[in-house]
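# Inside the fold
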Amino acid sequence: MLFSIPGTGWLLIAAVATVVFMVGMRALVIGATSGDGVPGTWKEQGRQGMRAFYVVTPAFAAIVLGASVLRSDPPSTILFLYSTSFVAIPVALLPVRGRMVRLHIARQEDPDVAPRSDWVVTLWLVFVLGTACLGSTAALLVSMRGA
């Protein structure tokens with residue numbers, strides 16, 4: 001059922017996933033640089049990085065999508081994995097961005113202190129990205145069996 005969608009449908013899904021990824025990452029950067037206590041250099045680096053991001057990401061997406069279309073196999077499998085991973089990254093990062101920024105700023109203010117991790121961020125990222133990996137793997141295995 002999952003892979004009964006035609007190739008053009010999967011291309012459309014992958015294109016939408018790319019847009020979701022780019023908008024989500026833009027929201028991540030804007031939220032990280034708009035808070036109080038954020039160094040001014042971050043804002044300038046954020047602008048430069050976003051310019052490169054908006055050039056490199058569509059180029060990468062075009063290469064992956066073009067390669068999937070040129071393959072002799074149906075493109076549904078690779079486009080499914082592409083779409084899943086591109087949507088999972090912003091979903092994993094956006095809810096914990098504030099905690100990650102605070103931890104990073106604290107590290108920059110006192111570089112002599114040993115780096116520590118935030119267990120909430122770690123658990124959230126492992127849970128969301130692990131669920132995406134296990135879910136997409138399970139979907140592929142079920143579809144290969146024909147169930």
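Up top is the structure these notes are about.
Residues numbered from 1 in each chain as written. Predicted model: local features only at pLDDT ≥ 70, side-chain atom pairs only at ≥ 80, totals over all residues. Heavy atoms only, no water.

## A few points about the overall build of the protein
Note the following rule: Secondary structure elements are taken from DSSP: a helix is a run of H or I of four residues or more, a strand is a run of E of two residues or more, and numbering for both begins at the N terminus. Working definition: with a 1.4 Å probe on protein chains only, accessible area under 20% of the residue-type maximum means buried, over 50% means exposed, and in between means partly exposed. Whether two residues touch is decided by their heavy atoms; if any such pair falls within 4.5 Å, the residues are in contact. Shrake-Rupley sampling with a 1.4 Å probe provides the accessible areas, and residues are treated as covered by the protein chains on show and by no other component.
In terms of regular secondary structure, the protein is built from 5 helices and 0 strands. Ordered by position in the sequence, the α and β elements of the protein form the string α-α-α-α-α. Within the protein, buried positions represent 30% of all 147 residues. Partitioning the contacts of the protein with sequence separation of at least 6, the portion at a separation of at least 24 is 75%. Approximately 9400 Å² of the protein is accessible, and the part contributed by carbon and sulfur atoms is 70%.

## Some points on the nonpolar core
Note that soluble globular proteins tend to have their nonpolar side chains buried in a common cluster. The cut-off we apply is this: As used in this record, nonpolar core signifies buried Ala, Val, Leu, Ile, Met, Phe, Trp, Tyr and Cys residues forming a set joined through side-chain atoms within 4.5 Å.
Residues Phe21, Met25, Phe53 and Tyr82 are the most contacted members of the largest nonpolar core, which totals 19 residues. Those elements that provide at least two residues to this core are helix H1 (7-33), helix H2 (40-70) and helix H3 (76-93). Take this core: its biggest share by element is 7 residues, from H1.

## Structural notes on the side chain of serine 83
You can see serine 83 is positioned in helix H3. With residues near it in sequence (within four places) discarded, serine 83 still touches Ile13, Ala14 and Ala17.

## What about the pattern of salt bridges?
Basically, it comes down to this: Salt-bridge detection follows one rule: a side-chain nitrogen of Lys or Arg within 4 Å of a carboxyl oxygen of Asp or Glu.
What the rule picks out here adds up to 1 salt bridge. Arginine 99 serves as the salt-bridge partner of aspartate 118, at 2.6 Å between the closest nitrogen and oxygen. With aspartate 118 in the loop between helix H4 (97-109) and helix H5 (119-145) and arginine 99 in helix H4, this residue pair connects regions lying 19 residues apart in the sequence.

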